[in-house]
Amino acid sequence: MDRIFTRFATRVAAFVGQPLAFVVALGAIIVWAGTGPLFGYSDTWQLVVNTSTTIVTFLIVFLIQNSQNRDAAALHAKLDELIRANARARNDFIGIEHLAEKELRAIRDALEVESKAAGEHRGRHTPHGSVDRLLERR
C-alpha cells in the first residue's frame, strides 16, 4: 500500500507542478464560467465549482505534503551520511532536524558566530561578505 501511495503521490505532485496542470485547471474554470448563462448563474452552479475546488485542494495538500516529507527525509539522510563520512565534521549534527525550533535557532546562531569568528581569525571573508559580493554581481 505504501509503495502504491508513494508512486501516486509522486506522480500527482510532479504533475501539479507543471504548467500543463495550470492550463487544465484554468480550462476547467473557463468551462465552468462559460456554463454560467446556461444554468442562470444559480446557487447550484456556484456550489459545483466551490465544492470541486475545495475537494481537489484538500486532497492535493496531502499528496504534496507526502512528497515533501519524503524529499526532506532523503535530504537529511544524505546530509547525515556526508557528516558521518567526513572526519572533520561534527557527528553531533546528525539528526538535529528532530530538535525543537528554538534549539535549532540557537544552533544556527552559534554556528554563524563561530563561522564569522573563524573567518576573521583566518583572514578570510565572512559568509555575509561572500553573500554581499554575490548579490552585487547581479
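The structure contained in this document is the topic of the report that follows.

**Details of the pattern of salt bridges**
Then, number 1: A full pass over the atoms with the stated rule returns three salt bridges.
Then, number 2: E81 is the partner of R84 in a salt bridge, and the nearest nitrogen-oxygen pair spans 2.6 Å. Note that R84 and E81 are positioned in helix α3 (residues 43–85) at a spacing of three residues, about one turn of the helix.
Then, number 3: Exposure remark for E81: the relative accessible area of 37% places this residue in the partly exposed category.
Then, number 4: Of the charged contacts in the structure, one is a salt bridge between R108 and D109, with a shortest N-O distance of 3.6 Å.
Then, number 5: Its relative accessible area of 35% is what places D109 among the partly exposed residues.

**Points about helix α1 (residues 2–16)**
Then, number 1: Here α1 contains 15 residues, and its C-alpha end-to-end distance of 21 Å stays within 8% of the 21 Å for a straight helix at 1.5 Å per residue.
Then, number 2: Where α1 is concerned, the buried positions are A9, V12 and A13. One side of α1 holds all its buried residues, which, seen down the axis, span an arc of 100 degrees. For α1, exposure combined with an orientation more than 90 degrees from the buried face picks out R3, I4 and R11.
Then, number 3: Looking at the buried residues of α1, the elements they touch are α3.

**Details of the packing of aromatic side chains**
Then, number 1: All chains considered together, the criterion is met by three aromatic pairs.
Then, number 2: An angle of 5 degrees between the planes, with centres 4.0 Å apart, marks the rings of W32 and W45 as stacked. Note that W32 is positioned in helix α2 (residues 19–34) and W45 in helix α3, a separation of 13 residues in sequence.
Then, number 3: A relative accessible area of 22% places W32 in the partly exposed class.
Then, number 4: A relative accessible area of 10% places W45 in the buried class.
Then, number 5: Measuring from centroid to centroid gives 5.2 Å for Y41 and W45, while their planes differ by 90 degrees, and the two rings are edge-to-face.
Then, number 6: In this structure Y41 comes out as partly exposed when scored by relative accessible area, which is 47%.
Then, number 7: Each residue in the set W32, Y41 and W45 is aromatic and connected to the rest through ring pairs, giving one cluster.

About the criteria used
- Residues numbered from 1 in each chain as written.
- Predicted model: local features only at pLDDT ≥ 70, side-chain atom pairs only at ≥ 80, totals over all residues.
- Heavy atoms only, no water.
- Salt bridge = Lys/Arg side-chain N within 4 Å of Asp/Glu carboxyl O.
- Helix = DSSP H or I, 4+ residues; strand = E, 2+ residues; numbered from the N terminus.
- Buried < 20%, exposed > 50% of the residue type's maximum accessible area, 1.4 Å probe, protein only.
- Expected span 1.5 Å × (residues − 1).
- Arc of directions from axis to C-beta.
- Contact = heavy atoms within 4.5 Å.
- Phe/Tyr/Trp six-rings, centres within 6.5 Å; stacked < 30°, edge-to-face > 60°.

Any functional reading would require information that these geometric values do not contain.
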